[in-house]
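Chain by chain, the residues:
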Amino acid sequence: MGISEDLKQSNFQSEAQKAIVNAIYTGNWIVQKQQELLKPFGLTVQQYNVLRILKGQQGNPMTVLAITERMLDKMSNASRLVDKLLEKKLVLRRECPQDRRAVDILILPAGLDLLKEVDQVQQDWGKHFDALGVKRLEEMNQLLDEFRTVFSHN
């Protein structure tokens, strides 16, 4: 019996315990699906996250530290991720004009082009969520936000 079946049965001491396992299971499942989706583009989930962060800068540079602060996975080594994106010629690293000890990272046109391709596939994958309906998705987003808020105060 897989974990999915376990979640449907009453093998838990409480609904809270079941919710914790369900959240972990679902989070891991989504990450796995994202890895599969990004693999044909030669990207990891973390590299994709860095590119999305840089795209959001609309042409303005960021330091590696600033990228790290905005990443979904705070345990990622942003410097190493940037190195990999440099090798793929998707980003540019340059000396910061205001502080020669710092380096700025910029997304290149090739990175933006790749994101356009990935975003189309992401949009198609995201249509699976449409089956839940807007109201249920709004409720899910609200619950997830509340969940993180409750734990951030502990």
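Residues numbered from 1 in each chain as written. Predicted model: local features only at pLDDT ≥ 70, side-chain atom pairs only at ≥ 80, totals over all residues. Heavy atoms only, no water.

Asker: I tried to follow a nonpolar patch on the surface on my own but got confused; where do I start?
Answerer: Judged by side-chain polarity, L132, M140 and L144 come together as a nonpolar surface patch covering roughly 220 Å² of accessible area. Inspection of the secondary structure assignment puts L144 in helix α7 (residues 134–152). (Patch = residues over 30% accessible without salt bridge, like charges linked within 9 Å, V, L, I, M, F, W, Y side chains within 5 Å. Areas by Shrake-Rupley, 256 points an atom, 1.4 Å probe, with all protein chains shown as cover. Salt bridge = Lys/Arg side-chain N within 4 Å of Asp/Glu carboxyl O. Helix = DSSP H or I, 4+ residues; strand = E, 2+ residues; numbered from the N terminus.)

Asker: Looking at this structure, I do not really get the packing of helix α3 (residues 45–56) against helix α5 (residues 78–87). What am I missing?
Answerer: Relative orientation and spacing of two packed helices are given, respectively, by the angle between their axes and the distance between those axes. Relative orientation of the contacting elements α3 and α5 amounts to 85°, with a least axis distance of 10 Å. Relative to α5, the element α3 lies roughly perpendicular. Across the interface between the two elements, Q46, Q47, V50 and L51 of α3 pack against L81, V82, K84 and L85 of α5. When its residues are assigned to classes, the contact of α3 with α5 shows five nonpolar, two polar and one charged. (Axes fitted to C-alpha atoms, helices over the stretch in contact; angles between N-to-C directions. Parallel < 35°, antiparallel > 145°, perpendicular 65-115°, else oblique. Contact = heavy atoms within 4.5 Å. Nonpolar A, V, L, I, M, F, W, Y, C, P; charged D, E, K, R; others polar.)

Asker: I tried to follow the pattern of salt bridges on my own but got confused; where do I start?
Answerer: When charged atoms on two side chains of opposite charge get close, those side chains can pair. All told, the structure shown has eight salt bridges when counted by the stated rule. Through salt bridges with shared partners, a single ionic network connects R52, K55 and D119.

Asker: Sorry if this is basic, but what is going on with the side chain of D104 here?
Answerer: Of note, D104 is situated in strand β2 (residues 103–107). The exposure class of D104 is buried, given its relative accessible area of 7%. Not counting chain neighbours up to four residues away, the residues in contact with D104 comprise P61, M62, T63, L92, R93, R94, C96 and P97. (Buried < 20%, exposed > 50% of the residue type's maximum accessible area, 1.4 Å probe, protein only.)

Asker: Honestly, the nonpolar core in this entry has me stumped. Any pointers?
Answerer: Within soluble globular proteins, side chains that are nonpolar tend to cluster in buried spots. Ranked by size, the top nonpolar core spans 25 residues in total, and within it L43, V50, L51, L54, I67 and V118 carry the most contacts. Of all elements in the fold, only α2 (15–38), α3, α4 (64–70), α5, β2 and α6 (109–130) reach the threshold of two or more residues within this core. In this view, L43 contacts L38, Y48, L51, L85, K88, L90, L114 and V118; residues no more than four positions away in its chain are not counted. (Core = buried A, V, L, I, M, F, W, Y, C linked by side-chain atoms within 4.5 Å.)

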